[in-house]
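# Understanding the architecture of this molecule
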Amino acid sequence: MGTALEPYGLVYHPQRPQRLGVTAPKDWDDLINPKLKGEVAQCAPTRSSSSNATYEVMLSLHGEDRGWDWLRKLAANTGHFTARSRDVPTVVAKGEFAAGFAVPSYMAFEEKLAGFDIKFVAPKNSFVTPEPMAILAGARNPKAARAFIEFLLTERGQKVFMERGLFPVTPKYKVQGAPGSTAELAVEFTGGVRSYFEADVANVYDELVATKRSEALKTRFRSDIEARWDELKK
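Another point: the side chain of Lys112. Among the secondary structure elements, Lys112 is positioned in helix α5 (residues 104–113). On the basis of relative accessibility, which here comes to 10%, the residue Lys112 falls in the buried class. When neighbours within four sequence positions are excluded, Lys112 is seen to be in contact with Ile118, Leu185, Glu188 and Phe189.

Next up on the list: helix α3 (residues 64–77). An ideal rise of 1.5 Å per residue puts 20 Å on 14 residues; α3 measures up with 20 Å between its terminal C-alpha atoms. All of the buried residues in α3 are Gly67, Trp68, Trp70, Leu71, Arg72, Leu74, Ala75, Ala76 and Asn77. Each element contacted by the buried residues of α3 is listed here: β2 (40–43), α2 (49–62), β3 (78–82), β4 (99–102), α9 (207–226) and α10 (229–233).

Residues Trp28, Leu31, Trp68, Leu71, Phe101, Phe221 and Ile225 are the most contacted members of the largest nonpolar core, which totals 29 residues. Of all the elements in the fold, those that place two or more residues in this core are β1 (6–12), α2, α3, β4, α9 and α10. If we skip the residues at most four places from it in the chain, Leu71 touches Tyr55, Met58, Leu59 and Ile225. In terms of nonpolar packing, the next biggest core, distinct from the first, is built from 27 residues, Ala41, Cys43, Val92 and Met162 among them.

With that out of the way, let us pick up empty space enclosed by the protein. What the rule picks out here adds up to 1 cavity of 30 Å³ or more. Its boundaries defined by the atoms lining it, the largest cavity holds a volume of some 60 Å³. Breaking the lining of the largest cavity down by element, the ones donating at least two residues are α2 and β4. Per-element tally for the lining of the largest cavity: the top contributor is α2, with 3 residues. Looking at the lining of the largest cavity residue by residue, the classes come out as 6 nonpolar, 4 polar and no charged.

Let us now look at the packing of α3 against α9. Look at α3 against α9: their axes get within 11 Å of each other, and the N-to-C directions meet at 45°. When the axes of α3 and α9 are compared, the pair comes out oblique. In this structure, the crossing between α3 and α9 has a hand that is right-handed. For the pair α3 and α9, the contacting residues are Glu64, Trp68, Leu71, Arg72 and Ala75 in the first and Arg213, Leu217, Arg220, Phe221, Asp224 and Ile225 in the second. Among the residues forming the contact of α3 with α9, the class breakdown is 6 nonpolar, no polar and 5 charged.

Turning our eyes to something else, we now look at the side chain of Ser195. Secondary-structure assignment places Ser195 in the loop between α8 (182–189) and β7 (202–203). The buried category is assigned to Ser195, whose relative accessible area is 3%. A polar contact is formed between the side chain of Ser195 and the backbone nitrogen of Phe197, at a distance of 3.2 Å. The residues touching Ser195, leaving out its near neighbours within four places in the chain, are Phe167, Tyr173 and Lys174.

Turning to the packing of α2 against α3, a few remarks are in order. Axis separation between α2 and α3 bottoms out at 7 Å; the angle between their running directions is 135°. With respect to each other, α2 and α3 are oriented oblique. For the element pair α2 and α3, the recorded crossing hand is right-handed. Contact residues: α2 offers Tyr55, Met58, Leu59 and His62, while α3 offers Glu64, Arg66, Gly67, Trp68, Trp70 and Leu71. Partitioned by chemical class, the residues of the contact of α2 with α3 number 6 nonpolar, 2 polar and 2 charged.

In this section: the environment of Asp230. Mapped onto the fold, Asp230 is located in helix α10. Through-space distance from the C-alpha of Asp230 to that of Met58 is 22 Å; in sequence the pair is 172 residues apart.

Another point: unusual backbone geometry. A positive phi angle is found at Glu131, which is not glycine, with a value near 45°. Tracing the chain through its elements places Glu131 in the loop between β6 (125–129) and α6 (142–152).

Rules and cut-offs
- Residues numbered from 1 in each chain as written.
- Predicted model: local features only at pLDDT ≥ 70, side-chain atom pairs only at ≥ 80, totals over all residues.
- Heavy atoms only, no water.
- Helix = DSSP H or I, 4+ residues; strand = E, 2+ residues; numbered from the N terminus.
- Buried < 20%, exposed > 50% of the residue type's maximum accessible area, 1.4 Å probe, protein only.
- Contact = heavy atoms within 4.5 Å.
- Expected span 1.5 Å × (residues − 1).
- Core = buried A, V, L, I, M, F, W, Y, C linked by side-chain atoms within 4.5 Å.
- 1 Å grid on protein atoms, 1.4 Å probe; cavity = no way out; pocket = protein on both sides within 12 Å on 5 of 7 lines; lining within 4 Å.
- Points joined across faces, edges and corners; volume = space filled by probe spheres on them.
- Nonpolar A, V, L, I, M, F, W, Y, C, P; charged D, E, K, R; others polar.
- Axes fitted to C-alpha atoms, helices over the stretch in contact; angles between N-to-C directions.
- Parallel < 35°, antiparallel > 145°, perpendicular 65-115°, else oblique.
- Left-handed = near helix turned anticlockwise from the far one by under 90°.
- Polar contact = N/O pair within 3.5 Å; in protein donor to acceptor, adjacent residues only side chain to side chain.

Below, the structure is given as structure tokens:
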């Protein structure tokens, strides 16, 4: 059962792009601006399921040939491959890099809560997860598990998510909070979004295609990106 919306997208440090003479990134193509050479941080899809999903978005948008061409251009602008996807928003928040891929709530938003200057934007075409939860077969307390999931779908339950930078799973609710609250900080962090049902965001991730292509994607990443990274940067 889907419980909250989470689009994977871009994080950026508001001041660093400004110093480089570029506007804040809003869509994927903004990351391959030549002025961002060496300024992009990402995690390899071989180490991160969220990076893998984002690579799948690019291949779904452009097709195999143009998609890999785009990913090679991204590698040319990449200044650092982190050990974990969680580290991408950390290095961006510290101002070490201008932008990168990130999962907003339990990764990038934590940096905002820690007091760093960092912003998130969901590009028009993204990977959008409904943060699914399930009752395990053979669970000891299936009634309690069901009650918990039902609670998460109530207004009170959705507010619990909103306080952690997640967004309502239905258009019935919008992120609202008192001035200075964590919920309002989430709205600021995402550039004013209160509901992704009102934002121009679409899910282009195809689970069946991605599952079949997963190992081939990782293999090609090693040969086309990792093995040629120095060459691509030149």
